Protein chains: 2
Amino acid sequence: MKTLSRHVVLVTALAVTACAPQSAEQPDTRAEDEVAIRDAVEQWSASAQAKDADAFASFYADEGRLMVEDALDTQGRDAIREGMAGMMQDPNFDLSFGPDEVVVARAGDIAYETGTYTLTLTGEDGEAATEEGHYLVVWEKQADGQWKVAVDVPVSDPPGE
Amino acid sequence: MKTLSRHVVLVTALAVTACAPQSAEQPDTRAEDEVAIRDAVEQWSASAQAKDADAFASFYADEGRLMVEDALDTQGRDAIREGMAGMMQDPNFDLSFGPDEVVVARAGDIAYETGTYTLTLTGEDGEAATEEGHYLVVWEKQADGQWKVAVDVPVSDPPGE
């Protein structure tokens, strides 16, 4: 039985080793996901600076939604592209933003991000008017591994803050 | 070798079987999580109807944040309780809300919810003024398994909608 025992131990060890990597939880990709999202925000803000509505809209999921106070939601990448292209016609248009906090879910499928923005448009008096604000964005990882915006909610700061 | 082979096969099978349940992904609790969140929203809205600021605030995480347009964020359960208690003093105060979509991350740790609300307060003219709106809420499952609000962003609808 000595040989048998040794074989049994060896085979058991091999079997357990073979399944060990699978028996661990899914790999934790949160750190890389956070980097990917922060990179995406940088490019997204750069697309606003470049007044490139196509590039800007490309950061939203197909059915991504933009919720703005006192306005109907803009739903879908195409509608967002159209709305942004119109806004970019304003000669005073200037939009930039960047993240504060990025929190990625354990399975790397959903994340939320808070950050701040600065938006300049032509005001009612014809002069450039700048609004500061912050935002909450929910990101979803797509089937191809890319992070896209599911819901984008900018929130203007109180005047004078 | 016949006995040995049989033992090896048996032991390997046992070892593989033993690790199989662990090699599966974490149990998918998303359906139950969605039910838990929808239940929480129902109780949360009921606490507003009951003008119970303590109960209302209890749905937020310790450091939960309320982002309102043109106002400073209210950060932390205590600050939210205080703000809500003040608002509930208004004799016309009436707040109710409920979820549309609830999306839970694969690992059951983060979720986001969209929904609609109706808020009545006394307007500047001294009459009850009702605002309709929608919202984005990010939920996080706490260490004790309870879902709490990490970020709450109400967004008012356009007037007349």
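Residues numbered from 1 in each chain as written. Chains lettered and ligands numbered in written order. Predicted model: local features only at pLDDT ≥ 70, side-chain atom pairs only at ≥ 80, totals over all residues.

Notes on the overall build of chain A
Reasoning step 1: Helix and strand counts for chain A come out as four helices and six strands.
Reasoning step 2: Walking chain A from its N terminus toward its C terminus, one meets helices and strands in the order α-α-α-β-β-α-β-β-β-β.
Reasoning step 3: For chain A, restricting intrachain contacts to residue pairs at least 6 apart in sequence, the fraction spanning at least 24 positions comes to 49%. (Helix = DSSP H or I, 4+ residues; strand = E, 2+ residues; numbered from the N terminus. Contact = placed C-beta atoms within 7 Å.)

Topic: the sheet that holds strand E3 (residues 94-104) of chain A
All names here are of chain A.
Reasoning step 1: Reading across the sheet, the six strands line up as E2-E1-E6-E5-E4-E3 and stay open at both edges, with mixed pairing between neighbours. Looking at strand neighbours, the two that pair on one side only are strand E2 (74-75) and E3, the edges of this open sheet.
Reasoning step 2: Across the sheet, helix H2 (residues 30-49) lies against E3, strand E4 (110-122), strand E5 (128-141) and strand E6 (147-156), angled at about 170° from E3, the strand it touches most.
Reasoning step 3: Strands strand E1 (60-66) and E2 of the sheet are contacted by helix H4 (residues 77-88), whose axis makes an angle of about 60° with E1. (Pairing = 2+ DSSP bridges. Axes fitted to C-alpha atoms, helices over the stretch in contact; angles between N-to-C directions.)

Describing unusual backbone geometry
Reasoning step 1: The phi angle at Asp70(A) is positive, at roughly 60°, despite the residue not being glycine.
Reasoning step 2: The phi dihedral of Lys51(B) falls on the positive side, at around 50°, and the residue is not glycine.
Reasoning step 3: Inspection of the secondary structure puts Lys51(B) in the loop between helix H2 (30-49) and helix H3 (53-57).

Digging into the confidence of the model for chain A
All names here are of chain A.
Reasoning step 1: Scored by pLDDT, chain A has a mean of 89; 84% of the residues are at 70 or more.
Reasoning step 2: With pLDDT under 50 throughout, residues 13-23 is counted as low confidence; its partners more than four residues away or in other chains account for twelve contacts.
Reasoning step 3: Across the assembled chains, the prediction reports ipTM 0.84 with pTM 0.85. (pLDDT = per-residue confidence, 0-100.)

Points about H2(A)
All names here are of chain A.
Reasoning step 1: For H2, which comprises 20 residues, the first-to-last C-alpha distance of 28 Å matches the rise-based estimate of 28 Å (1.5 Å per residue) to within 8%.
Reasoning step 2: Within the span of H2, buried status applies to Asp33, Ala36, Ile37, Val41, Trp44 and Ala48. Mapping the buried residues of H2 onto a view down its axis gives an arc of 140°, with all of them on the same face. Looking at H2, the residues exposed on the side facing more than 90 degrees away from the buried face are Ala31, Glu32, Val35, Asp39, Gln43 and Gln49.
Reasoning step 3: In this structure, the buried side of H2 is in contact with helix H3 (53-57), E3, E4, E5 and E6.
Reasoning step 4: Positive phi appears at lysine 51, one or two residues downstream of H2, with a value of about 50°. (Expected span 1.5 Å × (residues − 1). Buried ≥ 20, exposed ≤ 12 C-beta atoms within 10 Å, placed from the backbone. Arc of directions from axis to C-beta.)

Some thoughts on the sheet that holds strand E4 (residues 110-122) of chain B
Residues and elements named next belong to chain B.
Reasoning step 1: Spatially, E2-E1-E6-E5-E4-E3 is the arrangement adopted by the six strands of the open sheet, whose pairing is mixed. In this open sheet, the two edge strands, each paired with only one partner strand, are strand E2 (74-75) and strand E3 (94-104).
Reasoning step 2: Relative to E3, H2 is tilted by about 170°, and along the sheet it contacts E3, E4, strand E5 (128-141) and strand E6 (147-156).
Reasoning step 3: Of the strands in this sheet, strand E1 (60-66) and E2 are in contact with helix H4 (residues 77-88), which crosses E1 at around 60°.

Details of the environment of Ala46(B)
Reasoning step 1: By secondary structure assignment, the location of Ala46(B) is in helix H2.
Reasoning step 2: Separated by 97 residues in sequence, Ala46(B) and Ala143(B) place their C-alpha atoms 25 Å apart.

Considerations on the environment of Val104(B)
Residues and elements named next belong to chain B.
Reasoning step 1: Structurally, the position occupied by valine 104 is in strand E3.
Reasoning step 2: Put simply, valine 104 and valine 138 are 34 residues apart on the chain and 9.9 Å apart in space, counted from C-alpha to C-alpha.
Reasoning step 3: Among residues more than four places away in sequence, those in contact with valine 104 are Arg30, Asp33, Glu34 and Ala111.

Regarding the pairing of E1(B)
Residues and elements named next belong to chain B.
Reasoning step 1: Examined bridge by bridge, E1 and E6 share three bridges and lie parallel to one another. Each bridged residue has a counterpart across the sheet, and for arginine 65 the counterpart in E6 is valine 151.
Reasoning step 2: Bridging between E1 and E2 involves two bridges; their strand directions are antiparallel. Residue pairing for E2: leucine 66 is matched across the bridge by threonine 74.

Side note on the environment of Val137(B)
Residues and elements named next belong to chain B.
Reasoning step 1: With respect to the element layout, valine 137 can be found in strand E5.
Reasoning step 2: Take valine 137: there are 26 C-beta atoms within 10 Å of it, and that puts it in the buried class.
Reasoning step 3: Excluding residues within four positions of it along the chain, valine 137 makes contact with Tyr112, Glu113, Val149 and Asp152.

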